Amino acid sequence: MNAPLILDRRRVLAGGGALILSFSLRPAFAQDQAAPPPPPLPGSLKQSPFLDSWIKVDADGGITLFTGKAEIGQGVKTALLQIAAEELDVPFGALKLVTADTARTANEGYTSGSNSMKDSGTAIQNAAAQVRALLVAEAARRFDVPTDNLRTENAEVIAPDGRRLRYGELVAAEMLHVQAQPKSQLKDPATFKVVGQQVARVDIPAKVTGGAAYVQDMRLPGMVHARVVRPPSTGAQLIECDTAAVEKMPGVVKVVRDGNFLAVAAAKEFRAIKAMNALAAAAKWRETPTLPKQDDLPNVLTGLPSQDFVIHQQGSPSPAGNAIDATYTRPYHAHGSIGPSCAVAQFADGAMTVWTHTQGVYPDRQGIAEMLRMPPASVRCIHVEGSGCYGHNGADDAAADAALIARALPGIPVRVQWMREQEHAFEPFGPAMVTKLKASLDGQGMISDWNFEVWSNTHSTRPGGAGSLLAAQHIAQPFTPPAPKPLPLPEGGGDRNAIPIYKFPNAKVVHHFIPAMPVRVSALRALGAYHNVFSIESFIDELAAAAGADPVEFRLKHLDDSRGRDAIEKAAREFGWQRGQKAPPDRGYGFAFARYKNLAAYCAIATEVEVNRENGRPRLVRAVAAVDSGQVINPDGLINQIEGAILQSASWTLYESVTFDDTRITSIDWQTYPILRFDAVPDSVAVHIINRPGQPFLGSGETGQGPAAASIANAIANATGKRLRDLPLTRKRIKDAIDA
Amino acid sequence: MALSRNIGLAVAGVAIAGAVAVFAIVWRPAIAASEPPAPQSLDPALVKRGRALAATGNCADCHTRRGEKDFAGGLPVPTPFGTIYSSNITPDPETGIGRWPEAAFARAMRSGVDRAGRHLYPTFPYDHFVNVSDDDDRALYAYLMTRPPAQQPARRNEVKFPYNQRFLIAGWKLLFLRQATWQPDAAQSAEFNRGAYLVEGLAHCGACHTPRNALGAERQSAAFAGGEADNWHAYAINGQSPAPVPWDTEALFFYLRNGWHPDHGVARGPMAQVVSNLSSIPESDVRAIALYTASMFGAPTPDRKRRGDEALAQARSPSPKSGDAGAGAAIYAAACANCHETARPPPYGGINLRLSSGISSPDPRNLANTILTGVQPVQGERSPIMPGFAPSMDDAQIAVLMDYLRARFSKGTPWTGLEKTVAEARRGQAQFLQTSAERRNAPADPAQRDKP
Amino acid sequence: MMTLKVNGRDHGVEAEPDTPLLYVLREELQLNAAKFGCGLGQCGACTVIVDGKAVLSCVTPVLLLEGKQVTTLEGLGSLEAAAPIQRAFMEEQAAQCGYCIPGMMMQAQALLQRNSRPTDAEVRGALQLNLCRCGTHMRILRAVHRAAALMRTADASMGERSAQ
């Protein structure tokens, strides 16, 4: 806890003392009410201020970076390494990185919300700069040279006369165990050598050569394979289950039955699957119909009790008699991770270790500890990559399953692998939503009044508490899910991006938060922004049409934000957008724009869509996007994310909806929940980056989904002359609209 | 001298008369080309009716090649006489029928002659389309003339001499083309007659489901007793149907409308395209087709009904035959039972094989085709997916499996020559999958069909 | 106990004959590339090559594979000696989470082994069985074409060398 107290004049003058000064003066500040509070530390340094929570330098020169964030396929490991390499002046390949681990890394909550660069990237950038400063200060002391005369390169501090010291030689015990400063001496972006450069992702080589890369690849000595037999529907009760026959099956090591939680473990994986099938056949459940009418979902939602929040009011909107109104709807969407969730757990010597692809090792640990009725310090969650999760999928639950089974098999590592049908049926879905919009134009064809209402469940039922975990809900002494609360603005949940970025003289935005969740829901990439941006940007086009205006010009006329304008203009220009343009027969052009959360990355997307008039089939032909994510760290990584967002959103928008009868989810595999295949992949996707050197990093993992959806919808409207407002925009719906 | 001269004259006269007769039979006049009608000039209601009729007639599926424009032709149709490529029936003036006046189109439908007067191969089933009414021809013409024109020149047919001599087709027509093979039956309901009109006419079911003679014409005496389409066997849809559970009107309606039936399975091969089209025409027409077709199956005998009920009972509570030995049993248990013996109902669970027509049919080809290529997903729509085993099973393995399936799941006599059948099916399927237009619509649980 | 030929070597396999190849590869042979995505033959994450043809290993019981050559991604190359398809995917950075990628690569490899100059339509057709949820499709297509070019160049240079 104590920084080395080497107080001497030079140190104080050189600034090294400032560290100690602020540290020791902290109690003084607390007592002195007249003095202003210290400025907050940047990024996640706020919660984890010690530099050595982020960077460790060994005497042999090995440098390890720590982040509380997780690699989920978005390239965050590489980006963070780039930042650290840049600010530390260390070769990229010399750095090691440890990601989310409750025993080793800072608690950075969830890897979600496109916040990794803002939270962890900023923390690491500043920590690295400050570590470098400390090392330089130490070298200055040893060389007896002013710090300004020293430079760093290749993990060495170099004096003008050529003397040099490696970082490993400079670091002393506890030297980095100091709290960070609010301000750092950051590199000038114009001198960047690593950040903003094309650096190949560090995780790809293993993935394309059969290296162990995923939690699914873990093989611990003595490990057994487990499968869960889940209650087939919400509230299902296990009335009887003859486990004796299953226990006798070849290779079966244990059958676990705890209330409604049923699982089996076997030494070999295929035997575990056979045992699971036998156990499922032996289990008799009492089920109750609890699911709403799928046909009538929008009315079901708007009919449920809601907490109503006016989240934005400007002037007093009173739309004119000729106002346009529209209702847009979204069904439940599945994460649909290609690799069903998996976890490995081992319970030994009173400690539970869980290897999991959860997005939040600390919250998941808390939930698991509570479920097991163990102290959190006895539970360790280590992030190991899974397949893309796109939010809160089955990962946390699989971790809980593994922990529960591992406790029944002390000392033995237990691997739980969810089946495809289980991932599809039991993961928490992206919530169904309804939006109602009403607006009118003034005499100049500008939007004068804007009303927006959104109905939605919470967009996060992540652990936290045990009550969020399926296993904990099913055991004999169950935990109940906590009452849902809306995620606070400015980020929001169902109301994310509900407040328009455009400037309207009169506007009112209402968020109807629906606590009751007839279907299990939680965070799916972009949260409410997907549907809210889909609605706003579709409606803007409808208003543009009413005003006889070009969609791009219409947006620009209502937008002050200069970076937003740049993104719109860039996308339009690169697409070849022309006012009064006419698409080839059976094709249409569409445009959309948003700034994710109104504070993260900007994204504008223009699309060309073809609609087969014979059968209504839509096809995305090409997409052109412009993205502004502030200072770009890894350009290709950013392009990858936006390309991915466009294709993923195309799939959601054109094909996807979770289906269910009154009791069970019926979309349980790729037959019943089809997604994009190669026959529908567009001809081209072009992503243009607007780099803003020196600007804060803006999260970009979720910025493309909303604009892509609206752009496609607008292109379909342009191609067919018919406006569709109910997602997904299926072939049949388009055909019916054309035929009508 | 005079006699020989008379004989000579007589012979010449006969020859000339014969030639004139032949000429009269063979020659058809060209119909003058006309400018393509402006699409806006055609009545939208007529066009709409024409669209439903084209779906009933399955036009797009023969006249479209995978990856190419709708109706632009080019699909290879294997026949015993060679491969015929379908023609471009888009309104393109150069390579399509854009310059065909309505009269030329109606003539083609009725008597298989193109605008220039050439005889068309009866691969184009004008022996059925002769039954299509003038009004319906007009609607079809309006529909086709409003499709996007596609420049796609005709592919050359691969037909050996003498079959490449088109005038021979005239002889074929003389023998086999009847004007109006069907007449409404006053004793039957309007729905029945509507069904008959469609089945015998536009829907041309017999073109696949009726066996053909050596000259490639349907054998009228064996109507609907089973036939061919693209290396698939089109089952008998009369009293000789091999289906374990007898078909009735309700089942047929469900199947034709949705593309599958819990007691029969999922439509595959060319039939998948047919049911995909039938899902878009007026429901009443599908009912009519079902009603008429059911009459061809006829009401099942008590014995047949009993066997059907037995099959259903066995399917509903299958006895696990883990005692079965042999390679076929092992393959079935390992590769098939996981989907075909679950509680998950069709169409997303595999059908219990006791109910499979493919296994009970005298012709093993459909089963071979299905094992080889499975069931492919339809773009963006809920639809069954079955993996194809062509890459993982060799011909001998598939033959052994088919033997086992036949013995275990049907009452039929063992098939012979299975390895050869499988080898041929492998070749045939490769081509079918490469060239046939994909299914546009999907069989699906009807309760979900209209949902997003 | 049967013998399975995987990546050019014989392996004695203890698993029961009805075990899908996928589990034998991952569990007994400790090979990581072929992945469990669905176990139903619907997603292609488990794709390997058997006697030159792309096969879904999750629905292929090992009893079918007596005497056949199984090739997994590991058999094509390694980090130190990457096969053209592996180089191409790395050069194109054709992955986000990467879970579907080995299946894509094996499907593509089977295509390229029989067709060294596939059109874009042919590549898309060959990959029809393989799902990618992250939306990496454009890069995957580019990587396959790049691999084809790499393979053609390798062949050409081999041809030159042998001609000398």
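Residues numbered from 1 in each chain as written. Chains lettered and ligands numbered in written order. Predicted model: local features only at pLDDT ≥ 70, side-chain atom pairs only at ≥ 80, totals over all residues. Heavy atoms only, no water.

Structural notes on the overall build of chain C
Inference 1: Counting its regular elements, chain C contains six helices and five strands.
Inference 2: Starting at the N terminus and ending at the C terminus, chain C contains elements arranged as β-β-α-β-β-β-α-α-α-α-α.
Inference 3: For 164 residues, the compact-globule formula gives about 15 Å, and the C-alpha radius of gyration of chain C, at 16 Å, lands near that figure.
Inference 4: The principal-axis extents of the C-alpha atoms in chain C amount to approximately 45 × 45 × 25 Å.
Inference 5: Out of the 164 residues belonging to chain C, those deemed buried represent 63%.
Inference 6: For chain C, the share of sequence-separated contacts (at least 6 apart) that also reach a separation of at least 24 residues comes to 57%.
Inference 7: When the accessible surface of chain C is split by element, carbon and sulfur atoms take 50% of a total near 5,900 Å².
Inference 8: Positive and negative charge centroids in chain C, built from 16 and 16 side chains respectively, lie 10 Å apart. (Helix = DSSP H or I, 4+ residues; strand = E, 2+ residues; numbered from the N terminus. Rg over C-alpha atoms; globule rule 2.2 N^0.38 Å. Buried < 20%, exposed > 50% of the residue type's maximum accessible area, 1.4 Å probe, protein only. Contact = heavy atoms within 4.5 Å. Areas by Shrake-Rupley, 256 points an atom, 1.4 Å probe, with all protein chains shown as cover. Lys, Arg positive; Asp, Glu negative; His and termini not counted. Charge placed at Lys NZ, Arg CZ, Asp CG, Glu CD.)

Some details on the overall build of chain B
Inference 1: Of regular secondary structure, chain B possesses 19 helices and seven strands.
Inference 2: For chain B, the spread of C-alpha atoms along the principal axes amounts to about 90 × 65 × 50 Å.
Inference 3: In chain B, buried positions account for 55% of the 452 residues.
Inference 4: Taking as baseline every contact in chain B between residues at least 6 positions apart, the subset at least 24 positions apart corresponds to 70%.
Inference 5: Summed over all atoms, the accessible surface of chain B reaches about 20,200 Å², with 59% contributed by carbon and sulfur.

What about the side chain of Ser-392 of chain B?
Inference 1: Its place among the elements puts Ser-392 of chain B in the loop between α16 (365-373) and α17 (395-409).
Inference 2: Excluding anything up to four places from it in sequence, Ser-392 of chain B contacts Gln-397 of chain B together with Val-55, Thr-60, Leu-64 and Lys-68 of chain C.

Quick look at the interface of chain A and chain B
Inference 1: Contacts between chain A and chain B engage 30 residues on the former and 28 residues on the latter.
Inference 2: At the boundary of chain A with chain B, total buried surface from both sides reaches about 2,400 Å², with 41% on carbon and sulfur atoms.
Inference 3: Among the residues chain A hides against chain B, the three largest losses belong to Glu-614, Arg-617 and Gln-671 of chain A. Together they make up 31% of the total.
Inference 4: At the boundary of chain A with chain B, the tally comes to four salt bridges.
Inference 5: Between Arg-344 of chain B and Asp-669 of chain A there is a salt bridge, and its shortest N-O distance comes to 2.7 Å.
Inference 6: Seen at the junction of chain A and chain B, the total is ten residue pairs in polar contact (both at pLDDT 80 or more).
Inference 7: Ranked by the residues each element gives to the side of chain A that touches chain B, the list is headed by helix α19 (residues 731-739) of chain A, at five residues. (Buried area = accessible area lost by both parts, 1.4 Å probe. Salt bridge = Lys/Arg side-chain N within 4 Å of Asp/Glu carboxyl O. Polar contact = N/O pair within 3.5 Å; in protein donor to acceptor, adjacent residues only side chain to side chain.)

Notes on the interface of chain C and chain A
Quoted interface sizes are often the accessible area lost when the parts come together.
Inference 1: Counting residues at the interface gives 51 residues for chain C and 66 residues for chain A.
Inference 2: Roughly 5,000 Å² is buried in total at the junction of chain C and chain A, and carbon and sulfur atoms are behind 54% of that figure.
Inference 3: Note that Arg-142 of chain C is salt-bridged to Glu-643 of chain A, the shortest N-O span being 3.7 Å.
Inference 4: Here chain C is connected to chain A by 36 residue pairs in polar contact (both at pLDDT 80 or more).
Inference 5: Of all elements in the fold, only α1 (21-28), α2 (73-76), α3 (84-91), α4 (101-114) and α6 (137-163) of chain C reach the threshold of two or more residues within the side of chain C that touches chain A.
Inference 6: A total of six residues in the side of chain C that touches chain A trace back to one element, the largest contributor, which is α6 of chain C.

Some details on a nonpolar patch on the surface
Inference 1: The grouping of Leu-3, Ile-7 and Val-11 of chain B at the surface amounts to a nonpolar patch, some 300 Å² of accessible area in total.
Inference 2: Examined against the element boundaries, Val-11 of chain B turns out to sit in helix α1 (residues 2-26). (Patch = residues over 30% accessible without salt bridge, like charges linked within 9 Å, V, L, I, M, F, W, Y side chains within 5 Å.)

Examining the environment of Val-253 of chain A
All names here are of chain A.
Inference 1: Here Val-253 lies in strand β9 (residues 252-258).
Inference 2: Each C-alpha atom, one on Val-253 and one on Ala-265, is 5.5 Å from the other, the two residues being twelve residues apart in sequence.
Inference 3: Ignoring sequence-local partners within four residues, the contact set of Val-253 consists of Val-224, Ala-265, Ala-266, Ala-267 and Leu-409.

Comments concerning the packing of aromatic side chains
Inference 1: Here the structure, examined in full by the defined rule, presents 24 aromatic pairs over all chains.
Inference 2: Ring centres of Phe-254 of chain B and Trp-260 of chain B lie 5.2 Å apart, and the angle between their planes is 85°; this geometry places the pair in the edge-to-face category.
Inference 3: On the accessibility criterion, Trp-260 of chain B (6% relative accessible area) is buried.
Inference 4: Taken together, Phe-124, Tyr-126, Phe-129, Trp-172 and Phe-176 of chain B form an aromatic cluster joined through their ring pairs.
Inference 5: Sitting over the ring of Tyr-328 of chain A, Arg-725 of chain A keeps its end group 5.9 Å from the ring centre.
Inference 6: The cationic tip of Lys-173 of chain B hangs over the ring face of Tyr-126 of chain B; the distance from NZ or CZ to the ring centre is 5.0 Å. (Phe/Tyr/Trp six-rings, centres within 6.5 Å; stacked < 30°, edge-to-face > 60°. Lys NZ or Arg CZ within 6 Å of the ring centre and 35° of its normal.)

Side note on the packing of α16 of chain B against α17 of chain B
Residue and element names in this part refer to chain B.
Inference 1: Direction vectors running N to C along α16 and α17 enclose 125°, while the axes themselves pass 11 Å from each other. By the angle between their axes, α16 is oblique relative to α17. Relative to α17, α16 is oriented so that their crossing is right-handed. Within the contact between the two elements, α16 uses Leu-367, Ala-368, Ile-371 and Leu-372 and α17 uses Ile-398, Leu-401, Met-402 and Leu-405.
Inference 2: Among the residues making up the contact of α16 with α17, the classes are represented as eight nonpolar, no polar and no charged. (Axes fitted to C-alpha atoms, helices over the stretch in contact; angles between N-to-C directions. Parallel < 35°, antiparallel > 145°, perpendicular 65-115°, else oblique. Left-handed = near helix turned anticlockwise from the far one by under 90°. Nonpolar A, V, L, I, M, F, W, Y, C, P; charged D, E, K, R; others polar.)

Examining the state of the cysteines
Residues and elements named next belong to chain C.
Inference 1: Counting across every chain of the model gives zero disulfides over all chains.
Inference 2: With no disulfide of its own, Cys-46 lies closest to Cys-58 among cysteine sulfurs, the gap being 3.7 Å.
Inference 3: Using a relative accessible area of 3% as the deciding quantity, one classes Cys-46 as buried.
Inference 4: Counting only cysteine sulfurs, Cys-97 is the nearest neighbor of Cys-134, a cysteine outside any disulfide, at a range of 3.7 Å.
Inference 5: By relative accessible area, which is 5% here, Cys-134 ends up buried. (Disulfide = S-S within 2.5 Å.)

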